[in-house]
Amino acid sequence: MEHYQLAGSGRSGTRPVWRAWRILACCALALAFFLLAARLDLAERLTRVLWRQEHWQLDELAMSLLLLVLVLAGFAVRRGRQVALLLAQNRALTQRLLRAQEEERCALARELHDEVGQDCTAIRAAASYILRARDGDQANVQACAASIARSAEALHAMVRSMLRRLRPPVLDSLGLEAALQALCDSWAQQHGIACRFAPHAIPADLDDSIATAIYRLVQEGLTNVARHAGADQATVELRADAHGLLHLAIEDNGQGLCQDKTPADGFGMLGMRERVAGLRGHIRWISALGNGLRIEVALAARCAA
């Protein structure tokens, strides 16, 4: 990571120099062309040639080409601004993803240190006592064995919790539809918000990347509902159409998006958009202030080769 940062900083330092040289080169080329045109009376000669072709209206060609150049230049400037905006958003997303990844690693490290380390210490102490116990100390040996069993059970529960955070096991064992139903049920129970899941004609042989993306989209969408919407009802719909497209909709009856907030403002929304764009899909937010928010996603059921 440090190597890439140093390399990037080196390139960024030389970038203004290259821009200055390019500007100077363009100015020198324009000056050379002006001197050559003035020497050869290029404009006068071109005017005389075009005037001879008046019946073809070629004398209007210069103005038409100038207009075309101006339109193309305006289009290029607009596209350049759009590309710059997308690059800035991608850089912000990358930084946020790295920060979220580091926070998740710190959380896992704390849990491993606090919980796993404590249980391992308890198991080691109990095992050491059992090894040193005498023949007549049966009661204490049984108590140590019970302590080992409790610590092992706690370790097992923590490992299962970490595995669920890293990858939902129900997605592999039961499939996407059952995983989404379990997600909606557990989310509703945790947050006290009614959540209805409505599947329709979901293919059973979805690509793993598509199924994982849909699961994470629903997970992030429901997280946003719980944090920001102030809703008491949520609905998740997933259906497949006859053209091989999957349509996902996440809707709530909360407060909707604020007028001064766009879908690109939030980290969760930005992550959802980038996840969908990575699979060549489409996502849109439909908000009615005070009447909830609806997120609609369209994805191909098969990854493009």
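The shown structure was predicted, so the numbers you read here are calculated from the model rather than taken from an experiment.

1. Side note on the overall build of the chain
Within the chain, the regular secondary structure consists of eight helices and five strands. Shown N-terminal to C-terminal, the secondary structure of the chain runs as helices and strands in the order α-α-α-α-α-α-β-α-β-β-α-β-β. Partitioning the intrachain contacts of the chain with sequence separation of at least 6 by distance along the chain shows that 66% fall at a separation of at least 24.

2. Considerations on the side chain of Asp 252
With respect to the helices and strands, the residue Asp 252 is situated in strand S3 (residues 245-252). Despite being buried, Asp 252 has no salt bridge partner; Arg 294 is the closest side chain of opposite charge, sitting 10 Å away. If we ignore the near neighbours within four places in the chain, the residues touching Asp 252 are Val 225, Ala 229, Ala 231, Gln 233, Ala 234, Asn 291, Gly 292 and Leu 293.

3. Things to note about helix H7 (residues 208-229)
For H7, with 22 residues, the first-to-last C-alpha span of 30 Å sits near the 32 Å given by 1.5 Å per residue. Gly 230, located one to two residues past H7, shows a positive phi value of around 65°.

4. Remarks on the pattern of salt bridges
A complete count under the given rule lists five salt bridges for this structure. Across the pair Glu 237 and Arg 294 runs a salt bridge whose closest N-O atoms are separated by 3.7 Å. With Glu 237 in strand S2 (residues 233-240) and Arg 294 in strand S5 (residues 293-300), this pair connects stretches of sequence that are 57 residues apart. The exposure class of Glu 237 is partly exposed, given its relative accessible area of 29%. Glu 296 serves as the salt-bridge partner of Arg 294, at 2.7 Å between the closest nitrogen and oxygen. Each of Glu 237, Glu 251, Arg 284, Arg 294 and Glu 296 takes part in a single network of salt bridges with overlapping partners.

5. Examining the confidence of the model for the chain
Confidence in the prediction for the chain averages 77 pLDDT; 84% of positions are at 70 or higher. A low-confidence stretch, residues 1-12 (pLDDT under 50), is modelled with zero contacts involving residues beyond four sequence positions or located in other chains.

6. Focus on the pairing of S2
For strand S1 (residues 194-200) and S2, the ladder comprises seven bridges, and the chain directions are parallel. Directly across from Phe 197, in S2, lies its bridge partner Val 236. Crossover S1 to S2 through H7 is left-handed.

7. Side note on the sheet that holds strand S4 (residues 282-287)
One open sheet holds the five strands; their spatial order is S1-S2-S3-S5-S4, and the pairing between them is mixed. Pairing within the sheet leaves two strands with one partner each, and these edge strands are S1 and S4. Going from strand to strand, the sheet's axes swing by 10° on average, the running direction of each strand aside. Contacts from helix H6 (residues 176-191) reach S1 and S2, with the element oriented near 170° to S1.

8. Here we look at the state of the cysteines
As enumerated under the stated definition, the model contains zero disulfides in all. In this structure Cys 184 is a free cysteine whose sulfur lies 3.7 Å from that of Cys 195, the closest cysteine sulfur available. By relative accessible area, Cys 184 is classed as buried at 0%.

9. Some thoughts on the environment of Ala 145
Mapped onto the fold, Ala 145 is located in helix H4 (residues 138-166). Residues Ala 145 and Ile 123 lie 22 residues apart in sequence; the distance between their C-alpha atoms is 8.9 Å.

10. Digging into the pairing of S3
For S2 and S3, the ladder comprises seven bridges, and the chain directions are antiparallel. Each residue of the ladder has a partner; that of Thr 235, found in S3, is Glu 251. Here S2 folds back onto S3 in antiparallel fashion, the turn holding four residues, of which Gly 244 has a positive phi close to 80°. Two strands pair when backbone bridges link them, and S3 and S5 are joined in this way by seven bridges, in the antiparallel orientation. The residue bridging Glu 251 from the neighbouring strand is Arg 294, located in S5.

11. A look at the nonpolar core
Note on soluble globular proteins: their nonpolar side chains tend to be buried together. Counting residues in each nonpolar core, the largest one holds 42 residues, and the members touching the most others are Leu 176, Leu 180, Ile 214, Val 218, Leu 222, Val 236 and Leu 248. Here this core gets nine residues from one element, more than from any other, and that element is H7. Setting aside its immediate chain neighbours within four residues, Leu 248 contacts Ile 214, Leu 217, Val 218, Val 236, Glu 237, Leu 238, Ile 295, Glu 296 and Val 297.

12. Notes on the packing of H6 against H7
With their axes 11 Å apart at the nearest point, H6 and H7 run at an angle of 15° to one another. Classified by the angle their axes make, H6 and H7 are roughly parallel. Where H6 crosses over H7, the two elements pack in a sense that is right-handed. Listed contacts from H7 to Leu 176, Ala 179, Leu 180, Leu 183, Cys 184, Trp 187 and His 191 of H6 are Ala 211, Ile 214, Tyr 215, Val 218, Gln 219, Leu 222, Thr 223, Val 225 and Ala 226.

13. A word on H4
Its 29 residues give H4 an end-to-end C-alpha distance of 42 Å, which sits within 8% of 42 Å, the value for a rise of 1.5 Å per residue. Listed in full, the buried residues belonging to H4 are Val 141, Cys 144, Ser 151, Leu 155, Met 158 and Met 162.

Reading the values: rules and limits
Residues numbered from 1 in each chain as written. Predicted model: local features only at pLDDT ≥ 70, side-chain atom pairs only at ≥ 80, totals over all residues. Heavy atoms only, no water. Helix = DSSP H or I, 4+ residues; strand = E, 2+ residues; numbered from the N terminus. Contact = heavy atoms within 4.5 Å. Buried < 20%, exposed > 50% of the residue type's maximum accessible area, 1.4 Å probe, protein only. Lys, Arg positive; Asp, Glu negative; His and termini not counted. Salt bridge = Lys/Arg side-chain N within 4 Å of Asp/Glu carboxyl O. Expected span 1.5 Å × (residues − 1). pLDDT = per-residue confidence, 0-100. Pairing = 2+ DSSP bridges. Right-handed = clockwise from strand over helix to strand, strands pointing away. Axes fitted to C-alpha atoms, helices over the stretch in contact; angles between N-to-C directions. Disulfide = S-S within 2.5 Å. Core = buried A, V, L, I, M, F, W, Y, C linked by side-chain atoms within 4.5 Å. Parallel < 35°, antiparallel > 145°, perpendicular 65-115°, else oblique. Left-handed = near helix turned anticlockwise from the far one by under 90°.

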